[in-house]
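Below, each chain spelled out in residue letters.
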Amino acid sequence: MDDLAVWGALFVREVDELPVQFVKPADTDGPTWAVYQDGAYLGTVSGEHDRGRATWWVQATREAHRCVDDAVRALRRPATWPQEREQAARWAAALLANDSLLAVDVETTGLENPYAVQIAVVDSAGDVLFNEYLRPEAVIEPAAIAVHGITPQRVATAATFGQLLPRLATTLHGHAVVAYNAAFDRTVFERELRRHLGDACTARDWLARIRWHDAMTPYAVWHGLWSAKHGTYRHQPLGGPHDAVADCRLLFDKLHTMARSAPTACW
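Residues numbered from 1 in each chain as written. Predicted model: local features only at pLDDT ≥ 70, side-chain atom pairs only at ≥ 80, totals over all residues. Heavy atoms only, no water.

Student: Would you mind going over the overall build of the protein with me for this structure?
Tutor: Looking only at helices and strands, one finds 8 helices and 13 strands in the protein. Taking the principal axes of its C-alpha atoms as reference, the protein extends roughly 70 × 45 × 35 Å. Counting over 267 residues, the protein shows a buried share of 47%. Taking as baseline every contact in the protein between residues at least 6 positions apart, the subset at least 24 positions apart corresponds to 57%. For the protein, the exposed area adds up to about 13,200 Å²; of that, 51% sits on carbon and sulfur atoms. (Helix = DSSP H or I, 4+ residues; strand = E, 2+ residues; numbered from the N terminus. Buried < 20%, exposed > 50% of the residue type's maximum accessible area, 1.4 Å probe, protein only. Contact = heavy atoms within 4.5 Å. Areas by Shrake-Rupley, 256 points an atom, 1.4 Å probe, with all protein chains shown as cover.)

Student: I tried to follow the packing of helix 7 (residues 216-223) against helix 8 (residues 244-260) on my own but got confused; where do I start?
Tutor: For any two helices packed against each other, the geometry is given by the interaxial angle and the distance between the axes. As a packed pair, helix 7 and helix 8 sit with axes 11 Å apart at the nearest point and diverge in direction by 45 degrees. Compared by their axis directions, helix 7 and helix 8 come out oblique. Crossing angle aside, the handedness with which helix 7 passes helix 8 is left-handed. Counted together, Pro-218, Tyr-219 and Trp-222 of helix 7 and Lys-254, Thr-257 and Met-258 of helix 8 form the full contact between these two elements. Each residue belonging to the contact of helix 7 with helix 8 can be placed in one class, and the counts come to 4 nonpolar, 1 polar and 1 charged. (Axes fitted to C-alpha atoms, helices over the stretch in contact; angles between N-to-C directions. Parallel < 35°, antiparallel > 145°, perpendicular 65-115°, else oblique. Left-handed = near helix turned anticlockwise from the far one by under 90°. Nonpolar A, V, L, I, M, F, W, Y, C, P; charged D, E, K, R; others polar.)

Student: Looking at this model, I keep getting lost on the sheet that holds strand 7 (residues 102-108). Mind explaining?
Tutor: Strands sit in the order 9-8-7-10-11 across an open sheet of 5 strands; the sheet is mixed. Unpaired on one side and paired on the other, strand 9 (128-133) and strand 11 (211-214) mark the two borders of the sheet. The mean angle between the axes of side-by-side strands here comes to 25 degrees, regardless of whether they run parallel or antiparallel. Alignment of strand 8 (residues 116-123) against strand 9, held across 5 bridges, turns out to be antiparallel. By the bridge assignment, Ala-120 is partnered in strand 9 with Asn-131. Packing of helix 4 (residues 161-172) onto the sheet brings it into contact with strand 7, strand 8, strand 9 and strand 10 (176-179), and relative to strand 9 it is tilted by some 165 degrees. (Pairing = 2+ DSSP bridges.)

Student: Explanation requested: helix 5 (residues 182-197) in the structure shown.
Tutor: Since the α-helix turns once every 3.6 residues, residues separated by three or four places project in the same direction. Over its 16 residues, helix 5 runs 21 Å from end to end, which matches the ideal 22 Å to within 8%, given 1.5 Å per residue. Of the residues making up helix 5, those classed as buried are Ala-182, Asp-185, Val-188, Phe-189, Glu-190, Arg-191, Glu-192 and Leu-193. Where the residues of helix 5 are buried, they touch strand 7, strand 8, helix 4, strand 10, helix 6 (200-207) and strand 11. At the exit of helix 5 stands Gly-198, carrying a positive phi of roughly 105 degrees. (Expected span 1.5 Å × (residues − 1).)

Student: For this particular structure, what's the right way to read the nonpolar core?
Tutor: Generally speaking, nonpolar side chains in soluble globular proteins are found buried as a group. Grouped together as the largest cluster of nonpolar side chains are 32 residues, with contacts concentrated most on Leu-101, Val-178, Tyr-180, Leu-251 and Leu-255. For this core, the secondary structure elements donating two or more residues are helix 2 (81-96), strand 8, strand 10, helix 7 and helix 8. The element that contributes the greatest number of residues to this core is helix 8, accounting for 8 residues. Aside from chain neighbours lying at most four places away, what touches Leu-251 is Ala-103, Val-178, Ala-179, Tyr-180, Ala-215 and Leu-238. (Core = buried A, V, L, I, M, F, W, Y, C linked by side-chain atoms within 4.5 Å.)

Student: Where do I start with the environment of Thr-202 in this structure?
Tutor: As for its placement among the helices and strands, Thr-202 is situated in helix 6. Along the sequence, Thr-202 and Glu-190 sit 12 residues apart, while their C-alpha atoms lie 9.7 Å from each other.

Student: When you look at the packing of aromatic side chains in this model, what are you seeing that I'm missing?
Tutor: When we look at a pair of aromatic rings, we describe it by the centre distance and by the angle of the planes. Taken as a whole and judged by the stated rule, the model has 14 aromatic pairs. Measuring from centroid to centroid gives 5.9 Å for Trp-7 and Phe-22, while their planes differ by 80 degrees, and the two rings are edge-to-face. Of this pair, Trp-7 sits in the segment before strand 1 (10-15) while Phe-22 sits in strand 2 (residues 18-23), placing them 15 residues apart in sequence. In terms of burial, Trp-7 and Phe-22 fall into one category: buried. Counting every residue linked through ring pairs, the aromatic cluster contains Trp-7, Phe-11, Phe-22, Trp-33 and Trp-56. Lying across the ring of Trp-33, Lys-24 places its NZ or CZ 4.3 Å from the centre. Positioned over the ring face of Trp-81 is Arg-77, at 3.8 Å from the centre of the ring. (Phe/Tyr/Trp six-rings, centres within 6.5 Å; stacked < 30°, edge-to-face > 60°. Lys NZ or Arg CZ within 6 Å of the ring centre and 35° of its normal.)

Right, dumping it as structure tokens:
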């Protein structure tokens with residue numbers, strides 16, 4: 001659907017399983033369509049080619065999107081979005097004001113019952129406090145290797161999580177930690193801790209010495225693409241290279257971008 005020449009004057013497209021009607025205004029021959037849902041006017045979008053691919057503009061806000069579905073999701077935002085976006089920006093600004101803040105990222109053996117194959121900890125200045133590849137003592141799934149490129153051969157002689165545990169405790173305990181999808185990373189830590197410390201209670205006590213923050217949901221709110229199917233803001237990919245250090249630094253970049261939009265922030 002990137003070829004704007006094939007778009008007609010009137011057509012229906014499903015976005016998040018809900019039909020949306022596109023109608024070309026009678027007073028234009030350009031790639032512009034009024035968008036309707038259930039008979040209600042949502043707004044107007046325009047398409048243009050940019051380096052061989054289409055860019056979609058929401059006319060009211062002049063926002064650019066790489067796919068027309070995201071432009072529709074922007075039009076579907078609830079009226080409360082400006083206030084919610086401001087709250088997310090203030091959250092990011094407050095988080096960055098915490099001198100103890102660290103970013104954590106974990107690359108894993110897969111998505112189901114994962115173990116760590118790389119852990120990085122980066123401070124707000126971008127300095128690397130911890131970056132280690134780990135021997136997971138578990139199978140690294142081919143799909144995971146395709147994402148992060150960490151093969152069994154690469155970590156065959158690496159340290160185990162248990163061997164790195166003292167350094168991790170020194171690095172993380174007493175700090176605020178932000179992650180992108182913190183629930184996933186925290187679960188990986190908990191699974192490793194249960195395996196190496198022996199029981200769930202000790203693992204939870206270890207994790208309780210860290211103040212965890214998740215950036216994924218606030219960033220989704222700040223980005224503001226509404227999923228009509230799920231009735232919430234659509235989570236956005238971090239967009240990093242799936243290297244734990246690079247992803248930590250990218251996370252800080254996103255937090256700073258959010259914080260700069262807070263009305264009273266100076267970033």
